[in-house]
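Here is how the chains run, residue by residue.
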Amino acid sequence: ADGKAVFEKSCKACHVAMKPKTGDKAAWAPLIKQGADALTASVMKGKPPMPPKGGAANEADVKAAVEYMMSENK
C-alpha cells in the first residue's frame, strides 16, 4: 500500500484540523514512541471521533498510512 496515497485519501482531512495535527511534532512524539504496530492496532479499533480503520480500506492500508504519518511527523 502507498502510505502517502492512503493518508491523502483517508487521513488528511481530519489530521489537518484535529489532534494530533500533521506537523505537530510535540503531539506526535509520544505516539511515535509507541511504534507502528501499536498505532496501527489503535487505528484499526478506532478512537472517537476517528472511525475504525480511520476510513482506510484494510489493515495494510492503515499500517502504510501510520508509517507515512510517523515519518512525516518526527
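Residues numbered from 1 in each chain as written. Predicted model: local features only at pLDDT ≥ 70, side-chain atom pairs only at ≥ 80, totals over all residues. Heavy atoms only, no water.

Bringing the packing of helix α3 (residues 36-45) against helix α4 (residues 59-72) into the picture now. Running from N to C, α3 and α4 cross one another at 125°; their axes reach a closest spacing of 9 Å. Here α3 lies oblique to α4, going by the angle between them. Where α3 crosses over α4, the handedness of that crossing is right-handed. Touching A36, D37, L39, T40, V43 and M44 of α3 are E59, V62, K63, V66, E67 and M70, all from α4. Split by residue class, the contact of α3 with α4 holds seven nonpolar, one polar and four charged. (Axes fitted to C-alpha atoms, helices over the stretch in contact; angles between N-to-C directions. Helix = DSSP H or I, 4+ residues; strand = E, 2+ residues; numbered from the N terminus. Parallel < 35°, antiparallel > 145°, perpendicular 65-115°, else oblique. Left-handed = near helix turned anticlockwise from the far one by under 90°. Contact = heavy atoms within 4.5 Å. Nonpolar A, V, L, I, M, F, W, Y, C, P; charged D, E, K, R; others polar.)

So, about helix α1 (residues 3-15). Taking 1.5 Å as the rise per residue, α1 with 13 residues should run 18 Å; its terminal C-alpha atoms sit only 14 Å apart, a clear shortfall. At K9, α1 is bent by approximately 50°, the largest bend along its length. Of the residues making up α1, those classed as buried are G3, V6, F7, C11 and H15. Packed against the buried residues of α1 are α2 (25-34) and α4. For α1, the N-terminal capping position is held by D2, with its side-chain oxygen 3.1 Å away from the main-chain nitrogen of K4. (Expected span 1.5 Å × (residues − 1). Bend = angle between axes of the 7 residues up to and from the residue. Buried < 20%, exposed > 50% of the residue type's maximum accessible area, 1.4 Å probe, protein only. Polar contact = N/O pair within 3.5 Å; in protein donor to acceptor, adjacent residues only side chain to side chain.)

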